[in-house]
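# Structure assessment
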Amino acid sequence: MFTFKRKQDVSENQVTDESVYRGRRQLLKQLGFVGSTGLLAPYATAGVLDWFGDNQTIALKPLSYVADANRSEPDLTPESKVTSYNNFYEFGTQKDQPAENAKDFNPDPWTLLVSGMVNKPITLGYEDLIKRRDLQERIYRLRCVEAWSMVIPWIGFPLASLLKQADPQGSAKYVAFESLADKSRMPGVGNYFLGGGIDYPYVEGLRMDEAMHPLTILAVGLYGKTLPGQNGAPVRLVVPWKYGFKSIKSIVSIRLTDKQPPTTWNKLAPQEYGFYANVNPAVDHPRWSQARERRILSGGLFNQTYIDTQPFNGYAEQVASLYKGMDLRRNY
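The chain appears in an unreviewed UniProt entry as Protein-methionine-sulfoxide reductase catalytic subunit MsrP from Pseudobowmanella zhangzhouensis.

## Side note on the packing of aromatic side chains
The tally for this structure, following the rule as stated, stands at 13 aromatic pairs. With a centroid separation of 5.1 Å and 75° between ring planes, the pair formed by Phe88 and Phe91 is classed as edge-to-face. Ring geometry for Tyr89 and Trp265: centres 5.8 Å apart, planes at 75°, overall edge-to-face. With Tyr89 in the loop between helix H3 (79–82) and helix H4 (97–101) and Trp265 in helix H8 (residues 264–268), this residue pair connects regions lying 176 residues apart in the sequence. Classification of Trp265 as buried rests on a relative accessible area of 15%. Taken together, Tyr174, Phe275, Tyr276, Phe312 and Tyr323 form an aromatic cluster joined through their ring pairs. The ring of Tyr315 is capped by Arg141, whose NZ or CZ atom sits 4.2 Å from the centre of that ring. In this arrangement the basic side chain of Lys246 is found over the ring face of Phe275, its NZ or CZ atom lying 4.4 Å from the centre.

## Points about the UniProt feature "binding site: Mo-molybdopterin" (unreviewed entry) in the chain
Under the UniProt annotation, the feature "binding site: Mo-molybdopterin" (unreviewed entry) is placed at Asn86, Tyr89, Glu90, Cys144, Ser179, Asn231, Arg236, Ser247, Ile248 and Lys249. Note on Tyr89: relative accessible area 18%, which makes it buried. Excluding residues that lie within four positions of it along the chain, Arg236 makes contacts with Trp154, Ile217, Leu218, Ala219, Leu227, Asn231, Ser247, Ile248, Lys249, Ser250 and Ile251.

About the cut-offs
Residues numbered from 1 in each chain as written. Predicted model: local features only at pLDDT ≥ 70, side-chain atom pairs only at ≥ 80, totals over all residues. Heavy atoms only, no water. Phe/Tyr/Trp six-rings, centres within 6.5 Å; stacked < 30°, edge-to-face > 60°. Helix = DSSP H or I, 4+ residues; strand = E, 2+ residues; numbered from the N terminus. Buried < 20%, exposed > 50% of the residue type's maximum accessible area, 1.4 Å probe, protein only. Lys NZ or Arg CZ within 6 Å of the ring centre and 35° of its normal. UniProt positions renumbered as here; feature names shortened; annotations may be inferred. Contact = heavy atoms within 4.5 Å.

The structure is reproduced here in structure tokens:
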């Protein structure tokens, strides 16, 4: 069975802004969840803390940590970069447009429906996603198909836990996802040029074994806070061994099916974007190499580094077996 690496010695300020952690630590201390060691109790429940007001801090249970494959400690992308350099065409195609156009986006109330080939369909509201689940912190690398990358501390829960709750039928082979497409709140949805010519709603899909893999999560936060609109509030998919466009944002529907579902970028340009979209440095995009990537760091234009891209984004040990016998050049 796959197990996550534990890093109880990871310092808090490596993941979340110091001011946020100080506030959380103080409240935890008052509630008796922080001992003399100064470490967060590893099984403090999400229901204990809930929120420190709107869009603030999430309690974690347990602290799950996946380290960078090339370093003993991850070189985290600063929160300011993660929330200002985004691909989310529903809010605009330029990297800075989602943060600007989503600043007033309010995801509460929200409805997420789990349906299709399940015995127990589920309807989740905002609080069901945010306050009523045991949340974990996962530090994952994000590799964009455009050959840039980040390292992000996500807050979320395994997708498998939600699918198991819905009791999948034995004939279900795929999981189809659909995002919100609201012209009144997402300016790119109703504007062909601002939205990149995409036929909304944005749709994505995974095989059942990919969806059930323990690395696959539904994220509801990052850097210890709720997701901002530009990062996919209130809930998004995170599949760290695949290119970023597979991690669909602002999900309203999860549907189990026995047929491979259509996916937005595969429909738009099938010669460039395959269904699987596993990070593969040996298979170039038709217009650029995938062998190396630009890791976004803190600071300005020159505070970045170029590194070799790893197969499956560095998670081959955990996920390569899912594709045994497949031609990953043809099934790109």
